[in-house]
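So you can see what is in the structure, the chains are spelled out below.
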Amino acid sequence: MENLSFNEYISLVSEKIGKRDYPMTACVHSYGCQLNFSDGEKIKGMLMKMGFGFTEEPEKADLVIFNTCAVRENAEDRVFGNLGNLKRLKEDNPEMIIGLCGCMAELENVVERIKKSYPYVDIVFGTSALDRLPKLIYQKLSGSKRTVEVGEYNMPVEGLSQLRDSSFKASVPIMFGCNNFCTYCIVPYVRGRERSRRFEDIINEVEKLVQTGYKEIMLLGQNVNSYGKDLEDGISFSELLRRINNIDGEFIIRFMSSHPKDAGKELIDTIISCDKVEKHLHLPVQSGSNDILKRMNRNYTVGQYLETINYARSFISDFSFTTDIIVGFPNESDEDFEETLDLMKTVGYDNIYSFIYSKRSGTKAAVMEDKITDKEKSRRMTRLLALQREISTEKYKRFIGRTLRVLVDGKGKSEGFMTGKSREAVIVEFEGDESLIGKFIDVKITAAKNWAVTGEIIK
Ligand code: SAH
Ligand code: SF4
Ligand code: F3S
């Protein structure tokens, strides 16, 4: 098959689709982290250019793409189950194209299993092969058999059109891959080494987003604080934040994730001095035990972690922190777990994202001895969640009486209520209507719950 450019393949597919009696529709389902959802938006952007319409239901689609996550091995079976369900649909509609991409597509055993047992999966492409999608679809529409494009972590191509899920919140990846090799984590194996986007490309993208009305810019990377270390222009993550902060307009800059070993004083100074940067830091600690942190290969101690927390709080005494915690890492002792609970109390996180350790083959932790039972792990998780509910309720009380600037997100849980997020990354509920979605408003806080604060709009 000839080797044409990206745009030539887009035109060829669009020509083919244009000649059909009925339009082609695509169903793209993304799983996992925000970086993967951002890839999903790029996939949809390319499909839109090729002339596809969209549906959320695989039953109504001519092209189904599962954009997968590989963090939890036990989620693999669900993906294979979903693929299995498509077999019947494809029998009814033999022209249906089925694709698998994302992080699972980078795993050899997954590709082998597809080749062996899922003959009706037509295209498989890895996390670094997004821009090859038009070619893969063209080949498929031209009658070729299955194609698999994985491996080779190149710098992703710039300028792919993107069909964004929101008209006011935008994800902007600033770097891809990860160099950290935490022992429990598969990400470095499925996303390759760290590659930073050129600073000019990021600034251009953010400028355009702000000009078209975007109000929240979420900068994404597995470890945003190592942004730029692979480039020669000397622009660090803090410098990038400062330069984005200089772009005109009212918008908020958020970012994740920060690795505690790289998030230090300069980052805190930047957050404090840049008015558009959220006054909040998501700082995944994973465990409150130095022994576990060492076995996780996290490269910091609890003491060093607390130094960053204390430094931030020397400027803003109630500076907001959130974190990720893994419960039940191999052979996590009662004492290790208690240390995690102690750390949660010491820091007083506004919110945490907690995960029961899930063994992931291919990682170092997968071969570590683990005598802790699943029952014990769930018991620990229950305790941890109960403690965090207490902490959150207590912490959120500090906002009562204060006025928070909130970007309105959507409908709240109760009728007539809306929700949004403040600069401190706190969820705020208030009475209002849908006309406020995507706007900044001021809300005077009157009460605290264990997951949000509530208040009244100030006109
Ligand atoms: N790069 C980010 C997070 C990537 S994955 C960071 O370093 O913070 C998101 C979260 O999933 C991790 O923070 C971790 O808490 C969790 N996680 C990753 N692998 C896991 C596993 N094998 N079992 C349970 N949780 C895991
Ligand atoms: Fe995974 Fe650690 Fe990299 Fe985060 S920093 S993606 S947890 S290896
Ligand atoms: Fe994200 Fe899951 Fe891949 S967390 S990077 S989608 S393995």
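Structure's up top.
Presented here is an overview of the structure given in this document. Here the structure is a predicted model, which means the values were calculated and not measured.

**Considerations on the environment of phenylalanine 6**
Along the chain, the position of phenylalanine 6 falls in helix α1 (residues 6-18). For the pair formed by phenylalanine 6 and glutamate 194, sequence separation is 188 residues and the distance between their alpha carbons is 24 Å. Leave out the neighbours within four places in its chain, and phenylalanine 6 touches Met46, Asp131, Pro134 and Leu160.

**A look at the pattern of salt bridges**
If you walk through the whole model with that rule in mind, you get 37 salt bridges. Residues glutamate 95 and arginine 20 are paired through a salt bridge, measuring 2.9 Å at the closest nitrogen-oxygen approach. Of this pair, glutamate 95 sits in the loop between α3 (76-92) and β4 (97-102) while arginine 20 sits in the loop between α1 and β1 (25-30), placing them 75 residues apart in sequence. With a closest N to O distance of 3.6 Å, lysine 229 and aspartate 262 form a salt bridge. In this pair, lysine 229 sits in the loop between β10 (216-220) and α8 (237-245) while aspartate 262 sits in the loop between β11 (252-256) and α9 (265-273), placing the two residues 33 residues apart along the sequence. Classification of aspartate 262 by relative accessible area gives partly exposed; the value is 23%.

**A word on the site of ligand 3**
For ligand 3, the full set of nearby residues is Cys33, Asn36, Cys69, Ala70, Val71, Cys103, Arg191 and Gln222. Looking at the shell around ligand 3, its residues break down into 5 nonpolar, 2 polar and 1 charged.

**Comments concerning the site of ligand 2**
Neighbouring ligand 2 are the residues Cys178, Asn180, Phe181, Cys182, Tyr184, Cys185, Val187, Pro188, Gln222, His259 and Arg298. Grouping the constituent residues of the shell around ligand 2 by class yields 7 nonpolar, 3 polar and 1 charged.

**Some remarks on the pairing of strand β17 (residues 427-431)**
When strand β16 (residues 417-422) meets β17, the two strands line up antiparallel, connected through 5 bridges. Its bridge partner being in β17, phenylalanine 417 is matched across the sheet by glutamate 431. Where β16 hands over to β17, the hairpin turn is made up of 4 residues, of which alanine 425 adopts a positive phi near 65 degrees. As paired elements, β17 and strand β19 (residues 453-458) share 3 bridges and run parallel to each other. Residue pairing across strands places glutamate 429 opposite threonine 454, the latter belonging to β19.

**Regarding the packing of α1 against helix α2 (residues 34-50)**
Where α1 contacts α2, the two axes come as close as 8 Å, and the packing angle between them is 55 degrees. Taken together, α1 and α2 sit at an angle that is classed as oblique. Taking contact as the criterion, the partners of Phe6, Asn7, Ile10, Val13, Ser14 and Ile17 in α1 are, on α2, Met46, Lys49 and Met50. A per-class count over the contact of α1 with α2 returns 6 nonpolar, 2 polar and 1 charged.

**Re the environment of asparagine 290**
Relative to the elements of secondary structure, asparagine 290 occurs in helix α10 (residues 290-295). When the C-alpha positions of asparagine 290 and arginine 383 are compared, they lie 21 Å apart, and in sequence the two are 93 residues distant. Once residues within four sequence positions are removed from consideration, asparagine 290 is found in contact with Thr301, Val302 and Glu339.

**Details of the nonpolar core**
Nonpolar side chains in soluble globular proteins generally cluster together in the buried interior. Residues Ile217, Leu219, Phe237, Ile244 and Phe255 are the most contacted members of the largest nonpolar core, which totals 66 residues. Per-element accounting of this core gives the leading share, 6 residues, to helix α7 (residues 199-211). For isoleucine 217, the residues in contact, after removing those within four places along its chain, are Ala170, Val172, Val206, Leu209, Val210, Phe251, Ile252, Ile253 and Arg254.

**Regarding the packing of aromatic side chains**
In this structure the tally under the stated criterion is 11 aromatic pairs. Note on phenylalanine 181 and tyrosine 189: the rings are 5.3 Å apart at their centroids and 80 degrees apart in plane angle, and the pair reads as edge-to-face. Classification of phenylalanine 181 by relative accessible area gives partly exposed; the value is 29%. An aromatic cluster is present here, built from Phe80, Tyr118 and Tyr120 joined pairwise through their rings. Stacked on the ring of tyrosine 214, the Lys or Arg arginine 164 has its end atom at 5.9 Å from the ring centre. It is lysine 413 that lies over the ring of tryptophan 451; its NZ or CZ is 4.0 Å from the centre.

**Concerning unusual backbone geometry**
Between methionine 256 and the following residue, serine 257, the backbone shows a cis peptide bond with an omega angle of -5 degrees. By secondary structure assignment, the location of serine 257 is in the loop between β11 and α9. A positive phi angle, near 50 degrees, is found at phenylalanine 181, a position not held by glycine. Relative to the helices and strands, phenylalanine 181 resides in the loop between β8 (175-176) and α6 (187-191). Unlike most non-glycine residues, asparagine 331 shows phi in positive territory, near 55 degrees. Among the structural elements, asparagine 331 can be located in the loop between β13 (320-327) and α12 (334-347).

The rules we used
- Residues numbered from 1 in each chain as written.
- Chains lettered and ligands numbered in written order.
- Predicted model: local features only at pLDDT ≥ 70, side-chain atom pairs only at ≥ 80, totals over all residues.
- Heavy atoms only, no water.
- Helix = DSSP H or I, 4+ residues; strand = E, 2+ residues; numbered from the N terminus.
- Contact = heavy atoms within 4.5 Å.
- Salt bridge = Lys/Arg side-chain N within 4 Å of Asp/Glu carboxyl O.
- Buried < 20%, exposed > 50% of the residue type's maximum accessible area, 1.4 Å probe, protein only.
- Near = heavy atom within 4 Å.
- Nonpolar A, V, L, I, M, F, W, Y, C, P; charged D, E, K, R; others polar.
- Pairing = 2+ DSSP bridges.
- Axes fitted to C-alpha atoms, helices over the stretch in contact; angles between N-to-C directions.
- Parallel < 35°, antiparallel > 145°, perpendicular 65-115°, else oblique.
- Core = buried A, V, L, I, M, F, W, Y, C linked by side-chain atoms within 4.5 Å.
- Phe/Tyr/Trp six-rings, centres within 6.5 Å; stacked < 30°, edge-to-face > 60°.
- Lys NZ or Arg CZ within 6 Å of the ring centre and 35° of its normal.

It is worth stressing that arrangement in space is one thing and function is another; only the former is reported here.
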